[in-house]
Amino acid sequence: MPSLLFLIGYRGSGKTTVGSIVAARLGWSFLDADTVLEGRYAQSIREIFAAEGEAGFRDKESAVLADLCTRTDTVIATGGGIILRKANRELLNRHGFVAWLTAEPATLLERIEADPTTAERRPALSVGGRAEIEQLLAVREPLYRECADVIVSVESLSPEQAADAILAAWNLRSPKSSG
């Protein structure tokens with residue numbers, strides 16, 4: 001059975017909050033991949049994007065994911081764009097159980113705007129607001145779906161209820177082939 005549980009989804013979907021709850025309930029460690037990346041490179045994601053562009057950031061993100069996949073008994077909240085690279089999607093599926101947290105664009109925008117760390121740590125929404133979220137989701141949703149072992153809409157769930165849904169699916173999972 002996989003001993004890693006990954007949370008994927010767009011920024012603002014609650015991966016860190018829900019992941020912390022899931023980890024506590026499993027008695028596992030919890031890591032936020034973005035926080036690990038920022039610590040490793042001693043820069044915020046915003047600073048990395050500014051200095052190296054998205055490609056440079058994605059290279060660093062992929063390296064961190066590969067390292068995190070060597071862990072056991074860990075719940076990992078990933079960055080929203082982790083699924084953009086095929087190699088990352090393959091790592092997620094090969095090494096763990098993947099829960100995709102979804103919400104409507106308006107809800108995601110509201111959460112992003114309410115998050116005090118967004119301005120200092122995350123790249124700004126470039127096109128702007130809901131239109132950008134909808135545009136990025138159009139690209140990312142098929143990739144999230146490709147990876148997901150379970151899809152949990154967090155639109156009307158509390159973080160605790162979302163954790164319940166993930167753990168219910170986790171308890172029903174079938175072993176993935178090791179490969």
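Residues numbered from 1 in each chain as written. Predicted model: local features only at pLDDT ≥ 70, side-chain atom pairs only at ≥ 80, totals over all residues. Heavy atoms only, no water.

Q: Can you help me understand the overall build of the protein chain in this one?
A: Each helix and strand counted, the protein chain has eight helices and five strands in total. Traced from its N-terminal end to its C-terminal end, the protein chain shows the element sequence β-α-β-α-α-β-α-β-α-α-α-β-α. Taking all 179 residues of the protein chain together, 46% fall into the buried category. By element, 52% of the accessible surface of the protein chain is carried by carbon and sulfur atoms, the whole surface being about 8300 Å². (Helix = DSSP H or I, 4+ residues; strand = E, 2+ residues; numbered from the N terminus. Buried < 20%, exposed > 50% of the residue type's maximum accessible area, 1.4 Å probe, protein only. Areas by Shrake-Rupley, 256 points an atom, 1.4 Å probe, with all protein chains shown as cover.)

Q: Can you help me understand unusual backbone geometry in this one?
A: The phi torsion of most residues other than glycine is negative, and most of the peptide bonds are trans. The phi torsion at Ala-42 lies on the positive side, around 50 degrees, for a residue other than glycine. For Ala-42, the position within the fold is in the loop between α2 (33–41) and α3 (45–68).

Q: Looking at this structure, how should I read empty space enclosed by the protein?
A: To find leftover empty space, a probe the size of one water molecule is rolled over the atoms. Evaluation of the coordinates by the stated rule reveals one cavity of 30 Å³ or more. Forming the walls of the largest cavity are Ala-33, Asp-34, Leu-37, Glu-61, Val-64, Leu-65, Thr-78, Gly-79 and Ile-82. Per-class residue counts for the lining of the largest cavity are five nonpolar, two polar and two charged. (1 Å grid on protein atoms, 1.4 Å probe; cavity = no way out; pocket = protein on both sides within 12 Å on 5 of 7 lines; lining within 4 Å. Points joined across faces, edges and corners; volume = space filled by probe spheres on them. Nonpolar A, V, L, I, M, F, W, Y, C, P; charged D, E, K, R; others polar.)

Q: Please clarify how helix α7 (residues 129–147) should be interpreted in this entry.
A: Structural remark: α-helix, 3.6 residues per turn; residues separated by three or four positions point the same way. Given a rise of 1.5 Å per residue, 19 residues ought to cover 27 Å, and the 26 Å separating the end C-alpha atoms of α7 matches this to within 8%. A bend of about 40 degrees at Arg-140 is the largest found in α7, and the proline Pro-142 appears one to four places after it. Every buried residue of α7 is accounted for by Glu-132, Ile-133, Leu-137, Arg-140, Leu-143, Tyr-144 and Cys-147. Buried-residue contacts for α7 involve β1 (4–8), α3, α4 (86–95), β4 (97–102) and α5 (105–114). (Expected span 1.5 Å × (residues − 1). Bend = angle between axes of the 7 residues up to and from the residue. Contact = heavy atoms within 4.5 Å.)

Q: When you look at the pairing of β4 in this model, what are you seeing that I'm missing?
A: Two faces belong to every sheet, and in a regular strand the side chains alternate between them. For β4, a buried count of six out of six residues is recorded, marking the element as mostly surrounded by other parts of the structure. Burial along β4 is two-sided: Phe-97, Ala-99 and Leu-101 facing one way and Val-98, Trp-100 and Thr-102 facing the other are all buried. By the bridge criterion, four bridges tie β1 to β4 in an arrangement that is parallel. Within the sheet, the bridge partner assigned to Phe-6 lies in β4 and is Val-98. Of the strand pairs in this sheet, β4 and strand β5 (residues 150–153) are connected by four bridges, and their pairing is parallel. Within β5, the residue paired with Ala-99 across the bridge is Val-150. (Pairing = 2+ DSSP bridges.)

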